[in-house]
Amino acid sequence: MLNWTFTRNNQITDLSGPDGTSISTTPPEPAPPPQNPKIAIALGGGAARGWAHIGVLRALDEEGIEVGMIAGTSIGALVGGCYLAGKLDELEAFARSLTVRRIAGLLDFAIGGGGLFGGLRLTKRMQEHLEGLSIEGLDRPFIAVATEVHSGHEVWLEKGSLITAIRASYALPGIFEPIKANGRLLIDGALVNPVPVSVCRAHEQQLVVAVNLNYDLYGRSAVVKHSAGAESLDAPAKEAPHQSRLGMTSVMVQAFNIIQDRISRARLAGDPPDLALHPKLNDIGLSEFHRAGEAIDRGYHEAKARLVEIRRMQEVLVR
């Protein structure tokens, strides 16, 4: 015959068999609460506007939202790579210290090269903190997006030197020289995939958040019916009252902005993220790296304003 011993709460604490052997029993421990899923972040290109990525990552860290993977294009690769390498503090300090004069001192003119600047001085600054680091040595997946010059192929850099991958991803055509990486000549990834959501999807990430830096530059694309007028070839073009004359560099920058914006819209329409963050950065030019403080703050506030949506999506996945 079995002997039962009860606690005051009628929970079984001891069970004795006919031979007197005691079997201790305890109530099963409650299952731990399910953890919120990590998010994958697609950090888009946008040159100086990309400092906003620092603010976005700061806001996520403050709220305890874990990042499980980063895919970065151009400056998105720079910020994402530094973040996963544990060097975001150093990058932010560097960005906030930039002035117009300091920026000029970091640019080394390349005579007869594939771009105006060789980028060696910037590389030396990166080597101070990232030298010897490999992508596969990071604690979470990281992919930098670049473009192969000769074929136009989209290249995903997921192994090898972290510095080389970052340099290749931000090698803006005509500005920085192309980067040789394992037999391929690479330039800025924004030419083919400005906001690399598709990279995160290919790695089967459940929750993808994109940071699009160019959303508010031009608005929706439109077709404008216009008359060519009857001006002669020799007559100087008349400028609208609100327009200023554009130099060669300004025209190149505007052209790159338009290309990046249109490609972003087309690709995101076909492969949208679960949530897209759009920091308001339209007044910050591609080359205004000295305005890092403003960009970082705007990225931070945009991420903070969308935290409820991120939390809600995480909760849906846990159910």
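What counts, and where the lines are drawn
- Residues numbered from 1 in each chain as written.
- Predicted model: local features only at pLDDT ≥ 70, side-chain atom pairs only at ≥ 80, totals over all residues.
- Heavy atoms only, no water.
- Core = buried A, V, L, I, M, F, W, Y, C linked by side-chain atoms within 4.5 Å.
- Buried < 20%, exposed > 50% of the residue type's maximum accessible area, 1.4 Å probe, protein only.
- Helix = DSSP H or I, 4+ residues; strand = E, 2+ residues; numbered from the N terminus.
- Contact = heavy atoms within 4.5 Å.
- pLDDT = per-residue confidence, 0-100.
- Pairing = 2+ DSSP bridges.
- Phe/Tyr/Trp six-rings, centres within 6.5 Å; stacked < 30°, edge-to-face > 60°.
- Axes fitted to C-alpha atoms, helices over the stretch in contact; angles between N-to-C directions.
- Parallel < 35°, antiparallel > 145°, perpendicular 65-115°, else oblique.
- Left-handed = near helix turned anticlockwise from the far one by under 90°.
- Nonpolar A, V, L, I, M, F, W, Y, C, P; charged D, E, K, R; others polar.
- Arc of directions from axis to C-beta.
- Salt bridge = Lys/Arg side-chain N within 4 Å of Asp/Glu carboxyl O.

**Brief notes about the nonpolar core**
For step 1, the next point in the chain: Ranked by size, the top nonpolar core spans 70 residues in total, and within it Trp51, Leu60 and Phe142 carry the most contacts.
For step 2, the next point in the chain: At seven residues, helix α2 (residues 75–84) tops the list of elements feeding residues into this core.
For step 3, the next point in the chain: Here Leu60 is in contact with Ile39, Ile41, Ile65, Val67, Leu307 and Ile310, once residues within four sequence places are set aside.
For step 4, the next point in the chain: Among the nonpolar cores identified, the runner-up in size contains 13 residues, and Ala71, Ile143, Val195 and Val208 belong to it.

**Digging into the confidence of the model for the protein chain**
For step 1, the next point in the chain: Of all residues in the protein chain, 79% attain a pLDDT of 70 or more, and the chain-wide mean is 85.
For step 2, the next point in the chain: Segment residues 4–10 is flagged for pLDDT under 50; beyond a separation of four residues in sequence, or across chains, it makes ten contacts in the model.

**A short note on the pairing of strand β8 (residues 154–157)**
For step 1, the next point in the chain: Burial of the side chains of β8 is restricted to one face: Val155 and Leu157 are buried, whereas none of Glu154 and Trp156 on the reverse face is.
For step 2, the next point in the chain: Hairpin remark: strand β7 (residues 142–148) followed by β8, antiparallel, with five residues in the connecting loop; positive phi at Gly152, about 80°.

**Thoughts on the packing of aromatic side chains**
For step 1, the next point in the chain: Taken as a whole, this structure holds two aromatic pairs when the rule is applied.
For step 2, the next point in the chain: Centre to centre, the rings of Trp51 and Phe289 are 6.2 Å apart; their planes meet at 75°, and the pair counts as edge-to-face. Placement of the pair is Trp51 in the loop between β4 (39–43) and α1 (52–62) and Phe289 in the loop between β13 (275–277) and α9 (292–305), with a sequence separation of 238 residues.
For step 3, the next point in the chain: When the ring of Tyr170 is compared with that of Phe176, the centres are 5.6 Å apart and the planes differ by 65°; the resulting orientation is edge-to-face.
For step 4, the next point in the chain: Using a relative accessible area of 15% as the deciding quantity, one classes Phe176 as buried.

**Looking at the packing of α1 against α9**
For step 1, the next point in the chain: Contact geometry for α1 and α9: axes closest at 6 Å, N-to-C directions at 40°. It follows from the interaxial angle that α1 and α9 lie oblique. Handedness of the crossing formed by α1 with α9: right-handed. In this structure, α1 uses Ala52, Ile54, Gly55, Val56, Arg58, Ala59 and Glu62 to contact α9, whose residues at the interface are Ala295, Ile296, Gly299, Tyr300, Ala303 and Lys304.
For step 2, the next point in the chain: Looking at the contact of α1 with α9, its residues break down into eight nonpolar, two polar and three charged.

**What to know about helix α3 (residues 88–96)**
For step 1, the next point in the chain: Taken together, the buried positions of α3 are Leu88, Leu91, Glu92, Phe94 and Ala95. The arc that holds the buried residues of α3, viewed along the axis, is 160°, so those residues lie on one side.

**Examining α1**
For step 1, the next point in the chain: Buried residues dominate α1, accounting for eight of its eleven residues.
For step 2, the next point in the chain: Among the residues making up α1, those that are buried are Ala52, His53, Ile54, Gly55, Val56, Leu57, Ala59 and Leu60.
For step 3, the next point in the chain: Within two residues after α1, Gly64 carries a phi angle of roughly 75°, on the positive side.

**Notes on the side chain of Asn257**
For step 1, the next point in the chain: With respect to the helices and strands, the residue Asn257 is situated in helix α8 (residues 248–270).
For step 2, the next point in the chain: With relative accessibility at 5%, the residue Asn257 sits in the buried group.
For step 3, the next point in the chain: Excluding anything up to four places from it in sequence, Asn257 contacts Arg49, Leu217, Tyr218 and Leu286.

**Thoughts on the pattern of salt bridges**
In a structure, side chains of opposite charge can pair up when their charged atoms sit close to one another.
For step 1, the next point in the chain: Per the stated rule, a full pass over the model turns up 21 salt bridges.
For step 2, the next point in the chain: Its salt-bridge partner being Arg58, residue Asp89 comes within 2.5 Å of it at the nearest N-O pair. On the criterion of sequence distance, the pair formed by Asp89 in helix α3 and Arg58 in helix α1 is long-range, its members being 31 residues apart.
For step 3, the next point in the chain: Residue class for Arg58 comes out partly exposed when judged on its relative accessible area of 24%.
For step 4, the next point in the chain: Glu92 serves as the salt-bridge partner of Arg58, at 2.8 Å between the closest nitrogen and oxygen. Pair noted here: Arg58 is in helix α1 and Glu92 is in helix α3, with a separation of 34 residues, a long-range link.
For step 5, the next point in the chain: Its relative accessible area of 14% is what places Glu92 among the buried residues.
For step 6, the next point in the chain: Connected through salt bridges with shared partners, the residues Arg58, Asp89, Glu92, Arg96 and Asp297 form a single ionic network.

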